[in-house]
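Structural features, examined
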Amino acid sequence: PISGLCLDRKARQFAMGVGCCCPGLPGCRQRAGRPAQHSTRFHSAANSIEEELALLTLADVLEALTGTRPENASLILSEAAIDSRQVIPAALFVALPGERSDGHDYIGAAFERGAAIALVQKDVSARYPTLDLVNAPPPNTIQLQPPFCLRVPNSLKALQDIAAFWRRKLKVRVIGITGSVGKST
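The rules behind these values
- Residues numbered from 1 in each chain as written.
- Predicted model: local features only at pLDDT ≥ 70, side-chain atom pairs only at ≥ 80, totals over all residues.
- Heavy atoms only, no water.
- Phe/Tyr/Trp six-rings, centres within 6.5 Å; stacked < 30°, edge-to-face > 60°.
- Helix = DSSP H or I, 4+ residues; strand = E, 2+ residues; numbered from the N terminus.
- Buried < 20%, exposed > 50% of the residue type's maximum accessible area, 1.4 Å probe, protein only.
- Pairing = 2+ DSSP bridges.

Within this structure, the stated rule accounts for one aromatic pair. When the centroid spacing of 5.5 Å and the interplanar angle of 80° are considered together, the rings of phenylalanine 111 and tyrosine 128 count as edge-to-face. Placement of the pair is phenylalanine 111 in helix H4 (residues 107-112) and tyrosine 128 in the loop between strand E3 (117-120) and strand E4 (130-132), with a sequence separation of 17 residues. On the basis of relative accessible area, phenylalanine 111 is assigned to the buried category, the value being 13%.

Because side chains alternate across strand E5 (residues 148-151), one face comprises the buried residues Phe148 and Leu150, and the other comprises Cys149 and Arg151, equally buried. Summarising the sheet, E3 and E5 pair through four bridges and their orientation is parallel. Bridge assignment links isoleucine 117 to a residue of E5, and that residue is phenylalanine 148. One ladder, built from three bridges, connects E4 with E5; its direction is parallel. Bridging from a neighbouring strand, aspartate 132 pairs with arginine 151 of E5.

From the geometry alone we can't say anything about function, so treat these as descriptive.
If you want it as structure tokens, here you go:
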């Protein structure tokens, strides 16, 4: 399998005129020392790779939550996680309160693992830098440097709002698998 990051890098190299956009992909007829020869259909698909790959940014998160898109919120988020043990660098950690444990107790652990932002519903401003979206509208420019918290009224609802915003932005086909037997295979 070819990762999106790999395809993105190859598409960028091709756009800059460095090598082929797709070595090894089906339809590529590049030979050593010779330029790639592709059908028009294949080339348009290869060139749209970069256009299709999108990365979630802090600006996207703030727009999904408030309807306002700040100017300098270009921080790229690698993924969203609700378990601090699964956080990777540049992730959005969502602190969800639970029956047995509270995600707010693990914000520090998420930041230690490299989370850039924590989405919280409790006031943690005494322990971590926080952009409060509950009591004030978002500023036009973001002054905080990661890691920091985004305080919202309900972190689960905020996660759902971000997911809905992102799904609308990507324009992907959604497929539902229904039934009571065999869905895990």
